[in-house]
Amino acid sequence: MTENSTLKEKEKAEEEMIEQAFQQLLNDYLNTKHRRRVEIINKAFHFANQAHRGIKRRSGEPYIMHPIAVARIVCNEIGLGSTSICAALLHDVVEDTDYTIEDIENLFGPKIAQIVDGLTKIAGGIFGDHASAQAENFKKLLLTMSNDIRVILIKIADRLHNMRTLGSMLPNKQYKIAGETLYIYAPLANRLGLYKIKTELEDLSFRYEHPEEYQEIERKLAATAPERDQVFQDFTAPIREQLDKMGLKYRILQRVKSIYSIWNKMQTKHVPFEEVFDLLAVRIIFEPRQPEEEANDCFHIYVAISKIYKPHPDRLRDWVSHPKANGYQALHVTLMSNRGQWIEVQIRSERMNDIAEQGFAAHWKYKEGGGSEDEGELEKWLHTIKEILEDPQPDAIDFLDTIKLNLFASEIFVFTPKGEIKTMPQGCTALDFAFSLHTDIGSHCIGAKVNHKLVPLSHKLQSGDQVEILTSRAQRVQPEWEVYATTAKARAKIASVLRKENKVHQKEGEAILSQYLQAEGFRLDDSTLDKLMRLYNFRHREELFAAIGSKKIVPGEAERHLLKGGKKSNWKKLLTFSFGSSKEEKPKEKAVEEAAPAGTTPINTKQVLKLTEETIQKNYRMADCCNPIPGDDVLGYLDDEGRVIIHKRQCPVAARLKSSYGNRIIATEWDTHKELSFLVTIYIKGIDCVGLLNEVTQIISRQLNVNIRKLVIESMDGIFEGRIQLYVHDVDDVRTICHNLKQVKNIKQVTRVEEKE
Ligand code: MN
């Protein structure tokens, strides 16, 4: 044979295969009670066939085999009629060929075109290749869904066929498709009452995601099958006898738990396969003696079999009188077998069984005279499904919530306040999300609201969360953010901002320090730097410069004591030195004028001193006996050198000063704006437990712009005591932190203490 004729042979064989598949579809359709609209189905097939001609699937099959298979699922397994079958046949035409939706509309009318359009829009898959397209697609999915639910049903059929043929896909594609199937299509099928499809989707996904576990369970199921068969035979024999006596037409099926469900149970209950005891269920499907006796028959059967086996008192589920929202009807009972094993028995009529397997579409199969897809029953059914999907709330987020079944998905879906959906990697934090929106939003992020609740930037996001990022122009990128950020993008941005800022701060800090040292007659040499670095516990001088430049160092008196020797007076000056505003230095005279504490002029004690950021740094000193911070009740004391020392009012030293040097006491008033940081110590005490330290640090880090300097926790005999030194701006900060710490169950005592180092 020539090559050409081989090709011809092959083509012919393919055409025959296609024709045969289509005939099967037609037969399936003609076996339903739908109107016999064979003509339009024929037309759709021929159109799709020539549109996809010459195109092959990855498996090597002609492409048209896929739409035919999808149409067969739509017809047989979902129970839809000609409109849906046509749409299924045409579902990839607009996506994959040059035909447009207008062409479809001209040839097949607006209804089919609308469905094909919906299918085309979501064709990329909910988890499309591009994250942003995915977001868009999912929105479209939701929108089209409310237009015509058939879009979703056909999409489910499409997915089912793709899952059945997943083996020919590349492994990385397999994983992705399996993940999204489990994540979204299986729950969706479940919601629509398509239990059989749901189970198959789950099992197929599971098989690709966990091939070894799948095979293991499959193997064990096969190994235990004979034993199960025996149990089934023994258990059902007396039941059959009883049902025969009642004169019922029935069949009894052995229903084995699906592989995915078994695995799921093993995971959630932490049990091995051998301890999954409800592998076997029994299904009694009967033909009601009279159509109107259907429900009564269920209960008659129940009464009859519970005379044979003892029923579990708490496990009667009556979905006959109260069908599930998706239409599911059955009576579930659990009976004690003679082997001492609980076995679930599901009692359903044939009609109920069809509904359970095919969803609502099965409903109108039972209507006299058959159904017509374009009117009446189907419309009613589609309407009901729409209501189910919209129930309980029509909110997209709630909807996603109900279908959310996040097991292996490496991605989560997060909503913006406007309802836009964003894909994020699992385990990401609010801070990551802020940076994913925009670098500017990330850089100025001060917190977030997740589902309307305030959370820290380190908060881990869950799929379905609605996240609002709170920003402030005053906010800067913080070094600890590097810990909170998990995505590469956020980390890179944070690192680059910090690097840039750090360089600027280092330069500033070095200039400030050298200027000061020069003025004091010191040199910026190694020995001076070493001393300073030791004082602040820095390993590199760059850190020291950066700390000074960023004004993080606002040293207190405590540090002074660490520096010994005759240079004390110099160091004292250093430590009360203004660690500079980046703004231009205001003329000293002016500050002196404003505060007027200098010189020997007696201070008018009626005068109220305003304690502003600037005067605190330049003119006043916080007493190291009581370490006041903005917001404390304080007073000023004019010392011999003409400096104003700020004490807490209740400080014992202040009390003594007050009684001895009343004329040197100055009334003071805070006028600060959270620009300077002050060191405070908070004492906590409580019952020791696992995770406490983590909780404490979480709470403190939640307080924005608050840095822990030191945290010591000691535990003895189940009681812990802790001291946390941190930098705060004022009493408000302290109050909030104390309040939050008190919320921790095991913390019994929280107080701010005065502590010297
Ligand atoms: Mn397809």
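The rules we used
Residues numbered from 1 in each chain as written. Predicted model: local features only at pLDDT ≥ 70, side-chain atom pairs only at ≥ 80, totals over all residues. Heavy atoms only, no water. pLDDT = per-residue confidence, 0-100. Contact = heavy atoms within 4.5 Å. Axes fitted to C-alpha atoms, helices over the stretch in contact; angles between N-to-C directions. Helix = DSSP H or I, 4+ residues; strand = E, 2+ residues; numbered from the N terminus. Parallel < 35°, antiparallel > 145°, perpendicular 65-115°, else oblique. Left-handed = near helix turned anticlockwise from the far one by under 90°. Nonpolar A, V, L, I, M, F, W, Y, C, P; charged D, E, K, R; others polar. Donors = N, O, S within 2.8 Å, 3.2 Å for Na, K, Ca; no water. Buried < 20%, exposed > 50% of the residue type's maximum accessible area, 1.4 Å probe, protein only. Bend = angle between axes of the 7 residues up to and from the residue. 1 Å grid on protein atoms, 1.4 Å probe; cavity = no way out; pocket = protein on both sides within 12 Å on 5 of 7 lines; lining within 4 Å. Points joined across faces, edges and corners; volume = space filled by probe spheres on them. Pairing = 2+ DSSP bridges. Salt bridge = Lys/Arg side-chain N within 4 Å of Asp/Glu carboxyl O. Core = buried A, V, L, I, M, F, W, Y, C linked by side-chain atoms within 4.5 Å. Expected span 1.5 Å × (residues − 1). Phe/Tyr/Trp six-rings, centres within 6.5 Å; stacked < 30°, edge-to-face > 60°.

Visitor: Got a minute to help me understand the confidence of the model for the protein chain in this structure?
Guide: Do not read the predicted coordinates in detail wherever pLDDT is low. Across the protein chain, pLDDT averages 77, with 79% of residues at or above 70. This model gives residues 364-375 a pLDDT under 50, and the stretch forms 33 contacts once residues within four places in sequence are excluded.

Visitor: How should I be thinking about the packing of helix 3 (residues 65-77) against helix 4 (residues 82-89) in this particular structure?
Guide: How two helices pack is summed up by the angle between their axes together with the distance between the axes. Contact pair helix 3 / helix 4: the axes reach a minimum separation of 8 Å and the direction vectors enclose 155°. Our classification of the angle between helix 3 and helix 4 gives roughly antiparallel. Helix 3 and helix 4 meet at a crossing whose hand is right-handed. Residues Pro67, Ile68, Val70, Ala71, Val74 and Cys75 of helix 3 touch helix 4, and the partners they reach there are Ser84, Ile85, Ala88 and Leu89. Considered class by class, the residues forming the contact of helix 3 with helix 4 number nine nonpolar, one polar and no charged.

Visitor: Looking at this model, I keep getting lost on the coordination of the manganese ion. Mind explaining?
Guide: Surrounding the manganese ion are the protein donor atoms His66 (NE2), His91 (NE2), Asp92 (OD) and Asp158 (OD), at 2.1 to 2.5 Å. Each donor residue of the manganese ion lies on one chain, and together they are spaced H-x24-H-D-x65-D. In this pair, Asp92 is assigned in the loop between helix 4 and helix 5 (93-96) and Asp158 in helix 8 (residues 149-164), connecting sequence segments 66 residues apart. Asp158 matches Asp92 in its accessibility class, with the two residues each being buried.

Visitor: Teacher, can you tell me more about helix 11 (residues 211-246) here?
Guide: Residue pairs spaced three or four apart in an α-helix point in one direction, given the helix's 3.6 residues per turn. Along helix 11, the largest kink reaches about 50° and is centred on Ala225; proline Pro226 follows within four residues of it. In the stretch just after helix 11, Gly247 is the one whose phi turns positive, near 75°.

Visitor: What should I look at first to understand the layout of surface pockets in this one?
Guide: The gaps left among the atoms become clear once a water-sized probe is rolled over them. By volume, the second largest pocket amounts to about 1,200 Å³. As for the second largest pocket, its lining consists of 39 residues, of which Arg255, Lys257, Ser261, Glu344 and Gln346 are closest to the centre. For the lining of the second largest pocket, the secondary-structure elements that each account for two or more residues are helix 10 (195-209), strand 1 (249-256), helix 12 (259-269), strand 2 (280-287), strand 4 (331-336), strand 5 (342-349) and helix 14 (350-358).

Visitor: I keep staring at the sheet that holds strand 13 (residues 634-638) and nothing clicks. Help me out?
Guide: To summarise the sheet geometry, strands pair through backbone hydrogen bonds and adopt either a parallel or an antiparallel arrangement. What the five strands build is an open sheet, ordered 11-15-13-14-12; its pairing is mixed. Of all strands in the sheet, those with a lone pairing partner are strand 11 (608-611) and strand 12 (620-622), marking the two edges. Along the sheet, successive strands turn relative to each other by an average axial angle of 35°, direction set aside. Pairing analysis gives four bridges linking strand 11 to strand 15 (residues 665-670), with the strands arranged parallel. Bridging across to strand 15, Val608 finds its partner in Ala667.

Visitor: Please explain the pattern of salt bridges as it appears in this structure.
Guide: Pairing of side chains with opposite charge becomes possible as their charged atoms draw close. Counted by the stated rule, this structure contains 21 salt bridges. Linking Arg164 and Glu77 is a salt bridge whose minimum nitrogen-to-oxygen distance equals 2.9 Å. One end of the pair, Arg164, is in helix 8; the other, Glu77, is in helix 3, and 87 residues separate them in sequence. Residue classification places Arg164 among the partly exposed residues on the basis of a relative accessible area of 34%. Residue Asp234 is joined to Arg339 by a salt bridge in which the shortest nitrogen-to-oxygen separation is 3.2 Å. Of the two residues, Asp234 is situated in helix 11 and Arg339 in the loop between strand 4 and strand 5; the sequence distance between them amounts to 105 residues. Overall, the relative accessible area of 47% leaves Arg339 in the partly exposed class. What you see here is one network of salt bridges that share partners, running through Glu216, Arg219, Lys220 and Glu274.

Visitor: Would you mind going over the nonpolar core with me for this structure?
Guide: One recurring pattern in soluble globular proteins: nonpolar side chains tend to sit buried together. With 63 residues, the main nonpolar core has Leu89, Leu90, Ile104 and Ile156 as its most contacted residues. Looking at which element gives the most residues to this core, the answer is helix 8, with nine residues. Here Ile156 is in contact with Tyr185, Leu188, Ala189, Leu192, Leu194, Ile197 and Leu201, once residues within four sequence places are set aside. By size, the runner-up hydrophobic cluster in this structure holds 33 residues, among which are Leu692, Ile699, Val728 and Val731.

Visitor: Before we go on, may I ask you to explain helix 3 in this structure?
Guide: In a regular helix each residue adds 1.5 Å, so 13 residues correspond to 18 Å; helix 3 covers 17 Å between its end C-alpha atoms and thus fits that length. Helix 3 sits mainly inside the fold: 10 of its 13 residues count as buried. Looking only at helix 3, the buried set comprises Met65, His66, Pro67, Ile68, Ala69, Val70, Ala71, Ile73, Val74 and Cys75. Of the residues flanking the end of helix 3, it is Gly79, one or two places downstream, whose phi is positive at about 85°.

Visitor: Help me out: how do you make sense of the packing of aromatic side chains in this one?
Guide: Two aromatic rings, taken as a pair, are described by how far apart their centres are and by the angle between their planes. Overall, the coordinates contain 11 aromatic pairs when judged by the stated rule. Between Phe206 and Tyr260 the ring centres are 6.1 Å apart and the planes differ by 65°, which places this aromatic pair in the edge-to-face class. Of this pair, Phe206 sits in helix 10 while Tyr260 is found in helix 12, placing the two residues 54 residues apart along the sequence. Judged on exposure class, the residue Phe206 and its partner Tyr260 are both buried. Both rings, one in Tyr260 and one in Trp263, keep their centres 6.3 Å apart while their planes meet at 35°; by these two values the pair is tilted. Taken together, the residues span about one helical turn, with Tyr260 and Trp263 both in helix 12 at a distance of three residues. Residue Trp263 is classed as buried on the basis of its relative accessible area, which comes to 7%. The rings of Phe206, Tyr214, Tyr260 and Trp263 are connected pair by pair, giving a single aromatic cluster.

Visitor: Mind showing me how you'd approach the sheet that holds strand 8 (residues 445-450) here?
Guide: Spatially, the three strands line up as an open sheet ordered 9-8-10, and their pairing is antiparallel. Looking at strand neighbours, the two that pair on one side only are strand 9 (453-455) and strand 10 (467-471), the edges of this open sheet. Between one strand and the next, the sheet's axes are offset by a mean angle of 30°, whatever the strand orientation. As judged from the three bridges shared by strand 8 and strand 9, these two strands associate in the antiparallel manner. Looking at strand 9, one finds that Ala448 is bridged to Val455. Strands strand 8 and strand 10 of the sheet are contacted by helix 17 (residues 430-437), whose axis makes an angle of about 80° with strand 10.

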